[in-house]
Amino acid sequence: MYFTGFHCVGCDATYPADRDLLLCERCENLLEADYDYDRIRADLPREGFAQRPHGVWRWVELLPVLDRAKIVTLGEGDTPLLRCDRIAAAVGVDELWVKSDATGNPTGSLKDRSITVSATKAAEFGYRVLACDSTGNKASSVAAYAARAGLGSVVFCPHDTPVPKMAQAIFFGARLIRVRGHYSQINAMYRRLIHSKSVAWYDCGTDNPFRYEGKKTYAYEMAQAFGWDVPDCVVHPASGGMSIAKTWKGFGELRRLGWTERSPRMFGVQAANCGPIARSWAAGADIVAPVEKKPTLASALAAADPGLLGTRALAAIRASGGAAAGISEDEILDSVRLLASEGLFIEPSGAVTIAGVRRMVAAGQITRGERVVCVVTGSGFKDFERLQEMVTIPEKVVEGYDEMLAEAQSV
Ligand SMILES: [Zn+2]
């Protein structure tokens, strides 16, 4: 086994690999999974991974599982990586790639990349029910993987969560509980519920250290796609920010294994109306302070108080030499339109990286000649009502061939 256990990022506590844990028992900080990298390096040449079936589980030795027979998968990961020259020209760089976790994952969002790991751990530990709090995408993913594993699911969402996301979770059999308030308020109550042990559910929420390890696979997929080189800049939407922290960990692992020679700079993009990580970065702070949430189209990014997760993301951004930005509502819509110009149907929350790059270029944080990868994270079908408002369905209905011909000639 290459997964060797956990260490706490806040104190020197360590825990064995078979422990069912969320946070550090001593100081309640986040846990980080550890691996025997020397053995991986000795046993597994990087070229061997290309021969394996595609998906997150291609990298099983770098994921925290103990029983491969319990893996719960829907074929997630190995999502499209698309060079987009029209978007590149519009935002001011020569080479821009879109990594589409929105269109390449089973439930239409990035969450599948991590929930496949937490569902597997739930199966390993023998739980019967998966649970999470969510702005919508995590809820549908937890519900889908619970269904796949033959388990139950309970999900807690803000009362104003986009209807398609709630419907998708319920469709997969989840018991969905709508809670009045914004996400960070619900997150605090949900964490209290889980840690109180009042329920015997497996938490797939913000404290689960196993789940986040799935997000490292972004780094592996990008490095392999570029011939074991890495992009100069990786730009990711930020809610809690753990995708950024874990992608950064993944790139660090690749260097440690000797599979790549460098790491990219990491960039986080939020809505200015709810952008605690961006604000803390701009202020030069080391700890992410909560902000007051204002309405935003990027509802999936609206974590006003990301707490320890946000601070981890900020540390990764700083360590990599990257930056964070909060973009306006108009810039969010512009990102959605630019992605549509390349045939990509992306929800507002998942699209923000595009306008983010334009901001970073204007600020001199990204330069024109660099290779940039923008991760887009949620399908347009996930927030369909908002996107529908951006177009006009024609009222006119033609009838018969002659009218159809006349209409065709008027195009
Ligand atoms: Zn600790």
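Refer to the structure presented above.
Below, the structure is looked at part by part. Note that the coordinates shown come from a computational prediction; the quantities given were computed from them, not determined experimentally.

1. A look at the side chain of Asp 203
Position of Asp 203 among the secondary structure elements: in strand E9 (residues 202–203). Buried within the structure, Asp 203 lacks any salt-bridge partner; its nearest side chain of opposite charge belongs to Arg 191, at an N-O separation of 7.0 Å. Within the local environment of Asp 203, its side chain forms a polar contact with the side chain of Tyr 190, the two groups lying 2.6 Å apart.

2. Considerations on the coordination of the zinc ion
Between any two of four tetrahedral donors, the ideal angle at the metal is 109.5 degrees; between two of six octahedral donors, it is 90 or 180 degrees. The protein atoms that coordinate the zinc ion are Cys 8 (SG), Cys 11 (SG), Cys 24 (SG) and Cys 27 (SG), at distances spanning 2.3 Å. Angles of 96 to 117° at the metal separate the four donor atoms of the zinc ion, which places the site in the tetrahedral class. Donor residues for the zinc ion sit on one chain with the sequence pattern C-x2-C-x12-C-x2-C. Take Cys 24: its relative accessible area is 2%, and that puts it in the buried class. Under the relative-accessibility criterion, Cys 27 is labelled partly exposed at 35%.

3. Describing the sheet that holds strand E13 (residues 371–376)
Taking strand neighbours across the sheet as the criterion, the six strands line up as E4-E5-E13-E10-E11-E12 in an open arrangement whose pairing is mixed. A strand with exactly one partner marks an edge of an open sheet, and here the two such strands are strand E4 (81–83) and strand E12 (323–327). Strand-to-strand twist in this sheet, taken as the mean axis angle between neighbours without regard to direction, amounts to 25°. As paired elements, strand E11 (residues 265–271) and E12 share five bridges and run parallel to each other.

4. Considering the layout of surface pockets
Where empty space is left becomes clear once a probe the size of a water molecule has been rolled over the atoms. Here the largest pocket defines a volume of roughly 620 Å³. Residue lining of the largest pocket: 38 residues in total, with Tyr 183, Thr 206, Ser 239, Gly 240 and Leu 309 positioned closest to the centre. Sorting the residues of the lining of the largest pocket by element identifies helix H4 (137–149), helix H6 (183–195), helix H7 (209–213), strand E10 (233–237), helix H9 (242–256), helix H11 (307–320) and helix H13 (348–351) as the ones contributing at least two each. Element by element, the count of residues in the lining of the largest pocket is highest for H6, at five residues. When its volume is computed, the second largest pocket comes out at roughly 390 Å³. Among the secondary structure elements, those contributing two or more residues to the lining of the second largest pocket are H6 and E9. Broken down by element, the lining of the second largest pocket gets its largest block of residues, three residues, from H6.

5. What about empty space enclosed by the protein?
Using the criterion set out here, one finds two cavities of 30 Å³ or more in the structure. The computed volume of the largest cavity comes to approximately 50 Å³. Lining the largest cavity are Met 1, Tyr 2, Phe 3, Val 60, Glu 61, Leu 63, Val 65 and Arg 68. Per-class residue counts for the lining of the largest cavity are six nonpolar, no polar and two charged.

6. As for the packing of helix H12 (residues 329–340) against helix H14 (residues 353–362)
In the contact formed by H12 and H14, the axes pass within 7 Å of each other and the chain directions differ by 110°. By the angle between their axes, H12 is roughly perpendicular relative to H14. Contact residues: H12 offers Glu 331, Asp 334, Ser 335, Leu 338 and Leu 339, while H14 offers Ile 354, Ala 355, Arg 358 and Arg 359. When the residues that make up the contact of H12 with H14 are grouped by side-chain class, the tally is four nonpolar, one polar and four charged.

7. Considerations on the packing of aromatic side chains
Aromatic rings in a pair are described by how distant their centres are and how their planes are angled relative to each other. For the structure shown, the criterion picks out 18 aromatic pairs. Consider the rings of Phe 3 and Phe 6, whose centres lie 5.4 Å apart with planes at 80°: the pair is edge-to-face. No difference in accessibility class separates Phe 3 from Phe 6, as the two residues are buried. On the numbers, 5.1 Å between centres and 50° between planes, the contact of Trp 59 with Tyr 220 is tilted. Placement of the pair is Trp 59 in the loop between helix H1 (37–43) and E4 and Tyr 220 in helix H8 (residues 217–225), with a sequence separation of 161 residues. For the pair Trp 59 and Tyr 220, a shared accessibility class is recorded, and that class is buried. Each member of the aromatic cluster is reached from another via a ring pair, and the members are Phe 3, Phe 6, Tyr 35, Tyr 37, Phe 125, Tyr 127, Tyr 202 and Phe 210. The cationic tip of Arg 39 hangs over the ring face of Tyr 2; the distance from NZ or CZ to the ring centre is 4.5 Å. Here the guanidinium or amino end of Arg 113 rests over the ring plane of Tyr 218, the centre of that ring lying 4.2 Å away.

Thresholds applied
Residues numbered from 1 in each chain as written. Predicted model: local features only at pLDDT ≥ 70, side-chain atom pairs only at ≥ 80, totals over all residues. Heavy atoms only, no water. Helix = DSSP H or I, 4+ residues; strand = E, 2+ residues; numbered from the N terminus. Buried < 20%, exposed > 50% of the residue type's maximum accessible area, 1.4 Å probe, protein only. Lys, Arg positive; Asp, Glu negative; His and termini not counted. Salt bridge = Lys/Arg side-chain N within 4 Å of Asp/Glu carboxyl O. Polar contact = N/O pair within 3.5 Å; in protein donor to acceptor, adjacent residues only side chain to side chain. Donors = N, O, S within 2.8 Å, 3.2 Å for Na, K, Ca; no water. Tetrahedral: all angles 85-135°; square planar, octahedral: opposite > 155°, others 65-115°. Pairing = 2+ DSSP bridges. Axes fitted to C-alpha atoms, helices over the stretch in contact; angles between N-to-C directions. 1 Å grid on protein atoms, 1.4 Å probe; cavity = no way out; pocket = protein on both sides within 12 Å on 5 of 7 lines; lining within 4 Å. Points joined across faces, edges and corners; volume = space filled by probe spheres on them. Nonpolar A, V, L, I, M, F, W, Y, C, P; charged D, E, K, R; others polar. Parallel < 35°, antiparallel > 145°, perpendicular 65-115°, else oblique. Contact = heavy atoms within 4.5 Å. Phe/Tyr/Trp six-rings, centres within 6.5 Å; stacked < 30°, edge-to-face > 60°. Lys NZ or Arg CZ within 6 Å of the ring centre and 35° of its normal.

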